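# Coordinates in review
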Amino acid sequence: SMCTRQELCEPEKASLICGLLRQSPPGEFGQVVHDLSALVQDDKLVRQEAARMGACHNKNNFTPIQINGRTVLLTHYNNLGGNRFFDPQHKFSFEFDHLRGVPSKPQLHGVMLDEGELWREALHKGLKAYVSSHFPVGNCCVFKKSLGKRQMFVACIEAHQYQPSNHWNSLWKSDWTFALTPFTTQVTAIFLLQIHYFKHANLHVNVSKSVSETLNVIDQSQFATDFVKFVKAEDTKFHVAILENIQALSEDIWGKNLRRKLPVTRTFMNWNKLLNDQHLKTSVSNTEVPL
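Described below are features of the structure shown in this document. (Residues numbered from 1 in each chain as written. Predicted model: local features only at pLDDT ≥ 70, side-chain atom pairs only at ≥ 80, totals over all residues. Heavy atoms only, no water.)

Moving on, we come to the nonpolar core. Membership of the largest hydrophobic core comes to 30 residues, with the highest contact counts inside it found for Leu123, Leu127, Ile157, Trp176, Phe223 and Phe227. Among the elements of the structure, helix 4 (115-134), strand 7 (138-147), strand 8 (150-163), strand 9 (168-179), strand 10 (183-197), strand 11 (203-217) and helix 5 (220-258) are those that each provide at least two residues to this core. A total of eight residues in this core trace back to one element, the largest contributor, which is helix 5. Dropping the residues within four chain positions of it, Phe227 is found in contact with Leu123, Leu127, Ala155, Trp176, Phe178, Val187 and Leu215. Judged by nonpolar contacts, the second largest core, of 12 residues, contains Val32, Val33, Leu36 and Leu45. (Core = buried A, V, L, I, M, F, W, Y, C linked by side-chain atoms within 4.5 Å. Buried < 20%, exposed > 50% of the residue type's maximum accessible area, 1.4 Å probe, protein only. Helix = DSSP H or I, 4+ residues; strand = E, 2+ residues; numbered from the N terminus. Contact = heavy atoms within 4.5 Å.)

So, in structure tokens, the structure goes:
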């Protein structure tokens, strides 16, 4: 049947719902689903699309979940299909309901304890120590994949602050990919920072960056140490660049676009003289302050 202009067809509705769900900022997916349910008035369709898009949202954001007292990241790298994921560190898999946000059906997930697995565990241990000391609430995991005879590793870091009561949510994530090859390996990383501020405004900040570096591969201990040093150095560079850019952006917006500049008189005010003239027994610094 043909759709009237007022009423959208179900595929068109589904497409619009997906488009809006895809734009959900980190930490706000459930709220977007709730709002769409109220708007669309078709609970079944919203839930159907939300289950599908929720899987993408969680995997893209390295969503951490709690199961059996462990924290596990949901990513594309530990996705077994059929909404099952595995934890390489504690060797079990589980099912995850992306709509309800609930894990279930845990079972053992055997992993061959080969040389690659020993390297993965050494990298995980080093990375976890770094993340624990440098992020207020951070999570990480190292995953291993075999591509032919090559062992590929992906290290994922996730740190978020979701504070809807203070009108902001934010996510910092990065992934670090490399092959285990003799002598040297190329490490490629992608960073993403997302901030959503929604008090008296609707401000979205997305910052991404990619880096690449060749590291020496001598043994497990040396490489794990050098890898964590590299992660720390690049994290720090990214952090400093963000602070500098936000400062510049802030000055640019307030200084040029949103508000006229305050007059600059280029005169100096001697606060001590002013206070003495007013017979106030208050001591302040002798430094002259430009107005």
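Next comes the rest of the description.
This part covers the pairing of strand 9. Most of strand 9 sits out of view: 10 of its 12 residues are buried. One ladder, built from 12 bridges, connects strand 8 with strand 9; its direction is antiparallel. What sits directly across from Glu158, in strand 9, is Lys173. Between strand 8 and strand 9, which pair antiparallel in sequence order, lie four residues; one of them, His167, sits at a positive phi of approximately 70°. Pairing of strand 9 with strand 10, which is carried by 10 bridges, proceeds in the antiparallel orientation. Considered in strand 10, the bridge of Lys173 is made with Leu192. Hairpin connection from strand 9 to strand 10: three residues lie between these consecutive antiparallel strands. (Pairing = 2+ DSSP bridges.)

Next up on the list: helix 2 (residues 29-40). Spanning 12 residues, helix 2 covers 16 Å between terminal C-alpha atoms, matching the ideal 16 Å at 1.5 Å per step. All buried positions along helix 2 are accounted for by Phe29, Val32, Val33, Leu36 and Ser37. Viewed along the axis of helix 2, the buried residues span an arc of 140°, placing them on a single side of the element. Residues of helix 2 that are exposed and angled more than 90 degrees away from the buried face: Gly30, His34 and Leu39. Of the surrounding secondary structure, the elements contacted by the buried residues of helix 2 are helix 1 (10-22) and helix 3 (43-60). Just downstream of helix 2 lies Gln41, where phi reads positive at about 60°. (Expected span 1.5 Å × (residues − 1). Arc of directions from axis to C-beta.)

Position of Gln151 relative to the elements: it lies in strand 8. In contact with Gln151, other than residues within four places in its own chain, are Asp114, Gly116, Lys144, Lys145, Ser146, Phe178, Ala179 and Leu180.

This brings us to the sheet that holds strand 6 (residues 102-108). Taken in spatial order, the four strands make up an open sheet running 3-4-5-6, and their pairing is antiparallel. For this open sheet the edge positions go to strand 3 (79-81) and strand 6, each flanked by a neighbour on one side alone. Across this sheet, the average inter-strand angle for adjacent strands is 30°, counted without regard to direction. Two elements, strand 3 and strand 4 (residues 84-87), share two bridges in a ladder whose sense is antiparallel. Bridge assignment links Gly81 to a residue of strand 4, and that residue is Arg84. (Axes fitted to C-alpha atoms, helices over the stretch in contact; angles between N-to-C directions.)

Attention now goes to the packing of helix 2 against helix 3. Between two packed helices, both the angle of their axes relative to each other and the distance between the axes serve to describe the pair. Their axes nearest at 10 Å, the elements helix 2 and helix 3 cross at an angle of 160°. Accordingly, the angle class assigned to the pair helix 2 and helix 3 is roughly antiparallel. Here helix 2 and helix 3 pass one another in a crossing that is right-handed. Here helix 2 contributes Phe29, Val33, Leu36, Ser37 and Val40 to the contact with helix 3, which in turn contributes Asp43, Val46, Ala50, Met53, Gly54 and His57. Per-class residue counts for the contact of helix 2 with helix 3 are seven nonpolar, three polar and one charged. (Parallel < 35°, antiparallel > 145°, perpendicular 65-115°, else oblique. Left-handed = near helix turned anticlockwise from the far one by under 90°. Nonpolar A, V, L, I, M, F, W, Y, C, P; charged D, E, K, R; others polar.)

Our next topic: the environment of Ser170. Of note, Ser170 is situated in strand 9. Residue Ser170 is classed as buried on the basis of its relative accessible area, which comes to 14%. Between the C-alpha atoms of Ser170 and Val205, which are 35 residues apart in sequence, the distance is 9.2 Å. Filtering out sequence-adjacent residues up to four positions away, Ser170 remains in contact with Ala159, His160, Gln161, Tyr162, Gln194 and Ile195.

Next up on the list: the pattern of salt bridges. Taken as a whole and assessed by the stated rule, the structure comprises 10 salt bridges. The residue Lys237 makes a salt bridge to Glu234 at a minimum N-O spacing of 3.2 Å. Placement of both Lys237 and Glu234 in helix 5 is noted, with a separation of three residues, approximately one turn of the helix. Taking relative accessible area as the criterion, Glu234 reaches 7% and is therefore assigned buried. Shared partners join several salt bridges into a network, and the residues in it are Lys91, Glu117, Arg120 and Glu121. (Salt bridge = Lys/Arg side-chain N within 4 Å of Asp/Glu carboxyl O.)

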